[in-house]
Amino acid sequence: MFTGKGGVGKTTMSVATALHLARERSVLLLSTDPSGSLSSIFNKAFHDTVVSIERNLDAIELTRPIILNLWREKFGEDVYRVISSLLPVDRGILDYIEGVPALDEEFMLDYVLEAKRLKNYDHIIWDTAPTSSTLNLLNIQNLFYSHLGEAQKLYLKMRGVLSRLKGGSGEEPLELIARWRKLTEDILGMLSRDTSTWIVANPERLPVEQALSIGKSLSGFGVEIKGYILNRIFSEDVCAESEFLRKKREHQIQWRDRLIAGADHKLKIIHEIQEDATTRDMLVTIAHILYGQPQRDLNFS
Ligand SMILES: Nc1ncnc2c1ncn2[C@@H]1O[C@H](COP(=O)(O)OP(=O)(O)OP(=O)(O)O)[C@@H](O)[C@H]1O
Ligand SMILES: [Mg+2]
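Here we summarise the structure given alongside this text. Being a predicted model, the structure only gives us computed values, none of them experimental.

Turning next to the side chain of D127. Among the secondary structure elements, D127 is positioned in strand 5 (residues 123–127). Buried and unpaired, D127 has no salt bridge, with K10 as the nearest side chain of opposite charge at 6.0 Å. Leave out the neighbours within four places in its chain, and D127 touches F2, K10, T11, S14, L30, S31, T32 and D33.

Take a look at the structure:
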């Protein structure tokens, strides 16, 4: 999973990583960023489906409609049956439920889980939406989990009354809640057991502060932090000729050092490059920096 503040280079690093891993293993590159840039980078139309990019590499941009469809397929009918057995509602109720905050976020994670189970990819590279919504995505799982537990208890208390009212056994809502709760449990398991994260930042105050704060939160969720990527720092030689750039770099170094001090993890440094960072050559070069020789000397730039 690649996370970090908006615009810091998450998609660039995700694509570089996917290309790198796909040389030997099967990879799904998945973007849950609503502004998804994968179609521009690969110059392909995605139309809500998994697209084959090259041997070993598939990609998909997940959008809200795909996610809500998934929810309807998995739970929509059952939810409708249970609610309509208790209240005088028509199917329009499902449109209303789809507006529930975080339902789509939960099902984005479910999609990742299914892709992992069904398609047998060796790696899923997940290019997330900027920090706050990613955290929301994780937070919400814990909330769902405890709310569904409460729903189960409440339903058990009311089961007698409800089953008399509707004349059924009253087992279906319980089964539905249990199934949904299991899904949430599986998602939490996937996040804590099988997920590791790169946190991307630029050498400026807000991206660095957000990177450190997301690092703390993710560790709290039990998600493994693979490391931090400091992207777009100016190299010393490009600053030689310009007072403006020299000053800029001094400022960047301050935030680089702040990241080094706060992050007791591996740090990778990618310089600001003058070329277009979306070309294949540049992406391969970036992957080489990320996964080639380990950078021992953090002050190399
Ligand atoms: N090292 C670099 N040097 C120069 N340009 C870069 C570098 N890394 C990324 N870029 C460029 O910066 C822009 C933002 O990068 P990218 O789209 O990867 O960020 P992001 O974190 O995915 O953004 P968003 O939060 O909007 O999804 C892109 O135009 C990308 O090509
Ligand atoms: Mg992006």
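It is worth spelling out the packing of aromatic side chains at this point. In the structure shown here, the tally under the stated rule is one aromatic pair. Aromatic side chains W198 and Y291 sit 6.3 Å apart centroid to centroid with 75 degrees between the ring planes, which places their arrangement in the edge-to-face category. On the criterion of sequence distance, the pair formed by W198 in strand 6 (residues 196–201) and Y291 in helix 11 (residues 280–291) is long-range, its members being 93 residues apart. Look at Y291 and you get partly exposed, because its relative accessible area is 25%.

A few words on the pattern of salt bridges. A complete count under the given rule lists twelve salt bridges for this structure. Among the ionic pairs, E209 bridges to R205, the shortest N-O distance being 3.2 Å. Of the two residues, E209 and R205 both sit in helix 8 (residues 205–221), four residues apart, roughly one turn of that helix. Accessibility expressed as a relative area gives 47% for R205, which makes it partly exposed.

Across soluble globular proteins, nonpolar side chains show a tendency to be buried alongside one another. Membership of the largest hydrophobic core comes to 52 residues, with the highest contact counts inside it found for L30, W71, F75, V79, F107, Y228 and L259. Not counting residues within four places of it along the chain, the set of residues in contact with F75 comprises F107, L176, R179, W180 and L183. Core analysis: the next-biggest nonpolar cluster, separate from the first, contains 26 residues, A16, A22, I53 and I286 among them.

G7, K10, T11, T12 and D33 are the nearest of the 17 residues found near ligand 1. Taking K10, its side chain carries an N or O atom lying 2.7 Å from an oxygen atom of ligand 1. T12 places a polar side-chain atom, nitrogen or oxygen, 2.5 Å from an oxygen atom of ligand 1. When isolated, ligand 1 has an accessible area of 630 Å², and the protein chains bury 79% of it. Only helix 1 (10–21), strand 7 (224–233) and strand 8 (267–271) provide two or more residues apiece to the shell around ligand 1. Of all the elements, helix 1 adds the most residues to the shell around ligand 1, at three residues. In the shell around ligand 1, the residues fall into five nonpolar, eight polar and four charged.

Direction vectors running N to C along helix 1 and helix 11 enclose 80 degrees, while the axes themselves pass 8 Å from each other. Overall, the two elements helix 1 and helix 11 adopt an arrangement that is roughly perpendicular. Of helix 11, the residues touching helix 1 (which contributes T12, M13, V15, A16, T17, L19 and H20) are R280, L283, I286, A287, L290 and Y291. Here the contact of helix 1 with helix 11 is built from residues that sort into nine nonpolar, three polar and one charged.

Our next topic: the environment of M13. Positionally, M13 belongs in helix 1. Separated by ten residues in sequence, M13 and T3 have C-alpha atoms that sit 9.9 Å apart. Residue contacts for M13: discarding those within four places in its chain leaves F2, V200, I229, N231, I270, I286 and L290.

For helix 8, spanning 17 residues, the distance from its first C-alpha to its last is 25 Å, which sits close to the expected 24 Å at 1.5 Å a residue. What helix 8 keeps buried is the set P207, V208, A211, L212, I214, G215 and L218. Around the axis of helix 8, the buried residues are gathered within 165 degrees of arc, so they sit on the same side. Residues of helix 8 that are exposed and point over 90 degrees away from its buried face: L206, K216 and G220. Of the residues one or two after helix 8, G222 is the one with positive phi, at around 85 degrees.

There is about 530 Å³ of room inside the second largest pocket. Forming the walls of the second largest pocket are 22 residues, and the residues nearest its centre are H123, I124, I125, D194 and S196. Mapped by element, the contributors of at least two residues to the lining of the second largest pocket are helix 1, helix 5 (103–118), strand 5, helix 7 (171–193) and strand 6. Along the lines of polarity and charge, the residues of the lining of the second largest pocket split into twelve nonpolar, six polar and four charged.

Cut-off values and rules
Residues numbered from 1 in each chain as written. Chains lettered and ligands numbered in written order. Predicted model: local features only at pLDDT ≥ 70, side-chain atom pairs only at ≥ 80, totals over all residues. Heavy atoms only, no water. Helix = DSSP H or I, 4+ residues; strand = E, 2+ residues; numbered from the N terminus. Buried < 20%, exposed > 50% of the residue type's maximum accessible area, 1.4 Å probe, protein only. Lys, Arg positive; Asp, Glu negative; His and termini not counted. Salt bridge = Lys/Arg side-chain N within 4 Å of Asp/Glu carboxyl O. Contact = heavy atoms within 4.5 Å. Phe/Tyr/Trp six-rings, centres within 6.5 Å; stacked < 30°, edge-to-face > 60°. Core = buried A, V, L, I, M, F, W, Y, C linked by side-chain atoms within 4.5 Å. Near = heavy atom within 4 Å. Polar contact = N/O pair within 3.5 Å; in protein donor to acceptor, adjacent residues only side chain to side chain. Areas by Shrake-Rupley, 256 points an atom, 1.4 Å probe, with all protein chains shown as cover. Nonpolar A, V, L, I, M, F, W, Y, C, P; charged D, E, K, R; others polar. Axes fitted to C-alpha atoms, helices over the stretch in contact; angles between N-to-C directions. Parallel < 35°, antiparallel > 145°, perpendicular 65-115°, else oblique. Expected span 1.5 Å × (residues − 1). Arc of directions from axis to C-beta. 1 Å grid on protein atoms, 1.4 Å probe; cavity = no way out; pocket = protein on both sides within 12 Å on 5 of 7 lines; lining within 4 Å. Points joined across faces, edges and corners; volume = space filled by probe spheres on them.

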